[in-house]
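Coordinate inspection notes
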Amino acid sequence: MTYCITAKDIYTQLMQKYPTEADNLNTERIALIVFPTTTIDYWKSIAFLQERNWLMDRYSVYAYPTEIWTGKFGGISFTVVHPPMGDSATGAVIEQLIACGTEIILLVCGAWGIQDYLEISDICIPTISKAQNKISKTYGANDELRLDKNIQRVLQEKTKQLDIDYYVGKNIAFESFYRIKRKELIDERNEGDLTAENGELHTLLAITKEFKIKSGALFYNYFMPLRDDFLEVPSHLYKKGGEAIGRIILESLLEL
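All of the points below concern the structure found in this document. The model shown is predicted, which means the values in this text are computed figures rather than measured ones.

Calculation criteria
- Residues numbered from 1 in each chain as written.
- Predicted model: local features only at pLDDT ≥ 70, side-chain atom pairs only at ≥ 80, totals over all residues.
- Heavy atoms only, no water.
- Phe/Tyr/Trp six-rings, centres within 6.5 Å; stacked < 30°, edge-to-face > 60°.
- Buried < 20%, exposed > 50% of the residue type's maximum accessible area, 1.4 Å probe, protein only.
- Salt bridge = Lys/Arg side-chain N within 4 Å of Asp/Glu carboxyl O.
- Helix = DSSP H or I, 4+ residues; strand = E, 2+ residues; numbered from the N terminus.
- Pairing = 2+ DSSP bridges.
- Core = buried A, V, L, I, M, F, W, Y, C linked by side-chain atoms within 4.5 Å.

What follows covers the packing of aromatic side chains. By convention here, two paired aromatic rings are described through the distance between centres and the angle between planes. Scanning the model with the defined rule gives nine aromatic pairs in all. A centroid spacing of 6.5 Å and a plane angle of 35 degrees characterise the contact between Tyr222 and Phe223, whose relative ring orientation is tilted. Taking relative accessible area as the criterion, Phe223 reaches 15% and is therefore assigned buried. On the numbers, 5.8 Å between centres and 85 degrees between planes, the contact of Phe223 with Phe230 is edge-to-face. Put simply, the rings of Trp112, Phe177, Tyr178, Tyr220, Tyr222, Phe223 and Phe230 touch in pairs and so form one group of aromatic residues.

Set out below in structure tokens:
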């Protein structure tokens, strides 16, 4: 099938235009898509993130990440990308990472806790993503996608080793944040779903399945939509959750 333009097309044209600039175009084997600034700040102090110039960022005709770094931990180099929020922009960035050589992509971010037993900063490891996601359908994906069992197993094992409590379960996507009905969340809770988010996870799984590369995800609970006390949450809990997923991911890199 022929598309108007692909991320690989842009990569090829940039290599032709800047044949000596491969270091400013290629990404590391592992890329981390991250949203919480607390996680990024933690990595800056532990993994010595270095902001970099990315030609794909500069010349992308669709979307570009807000920031991009290269980090190193335990001898493993990795790319960190903080893209615009939303599954459309994130989807473009994912394709661009793949075009530039990335083979494993992990989504590292916050999610909304659905189950009553969850508390802010709790670690949540998704096993299945549920979504009626228009972007994922363009990649031929189903409404329910399973995450890579081996990657999620590594995340669980490292979380245990760090003596951090965690929960495992399904994630449901709601792309229109201010149009989520309370009954919808209660129904998902009754079905046993653990978390919800904006749809980036389903997009990641759909694209990486299409391109036959590995992916995974790690969340911390930063919002309880069925509670009304979100304005009262102490800021240190967000920092706790953001740093915890940062620690788990760094330790997991050594097994990936």
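To continue, consider the pattern of salt bridges. Per the stated rule, a full pass over the model turns up 11 salt bridges. A salt bridge links Glu255 to Lys158; the shortest N-O distance between them is 3.4 Å. With a gap of 97 residues between them, Glu255 in the segment after helix H9 (235-253) and Lys158 in helix H6 (residues 149-161) connect regions that are remote in the sequence. The salt bridge involving Lys239 is made with Glu243; its shortest N-O contact spans 2.7 Å. Taken as a pair, Lys239 and Glu243 lie in helix H9 at a separation of four residues, close to a single helical turn.

This part takes up the pairing of strand S4 (residues 76-82). With five of seven residues buried, S4 is to be regarded as a mostly interior element. Where strand S1 (residues 30-34) lies against S4, three bridges are found, and the strand directions are parallel. By the bridge assignment, Ala31 is partnered in S4 with Thr79. Two elements, strand S3 (residues 67-73) and S4, share seven bridges in a ladder whose sense is antiparallel.

Membership of the largest hydrophobic core comes to 40 residues, with the highest contact counts inside it found for Met56, Leu97, Ile105, Leu107 and Phe219. Secondary-structure elements contributing two or more residues to this core are helix H1 (7-17), S1, helix H3 (55-59), helix H4 (87-99), strand S5 (104-113), helix H8 (200-211) and strand S10 (214-223). Grouped together as the second largest cluster of nonpolar side chains are 30 residues, Tyr42, Ile123, Ile151 and Val154 included.

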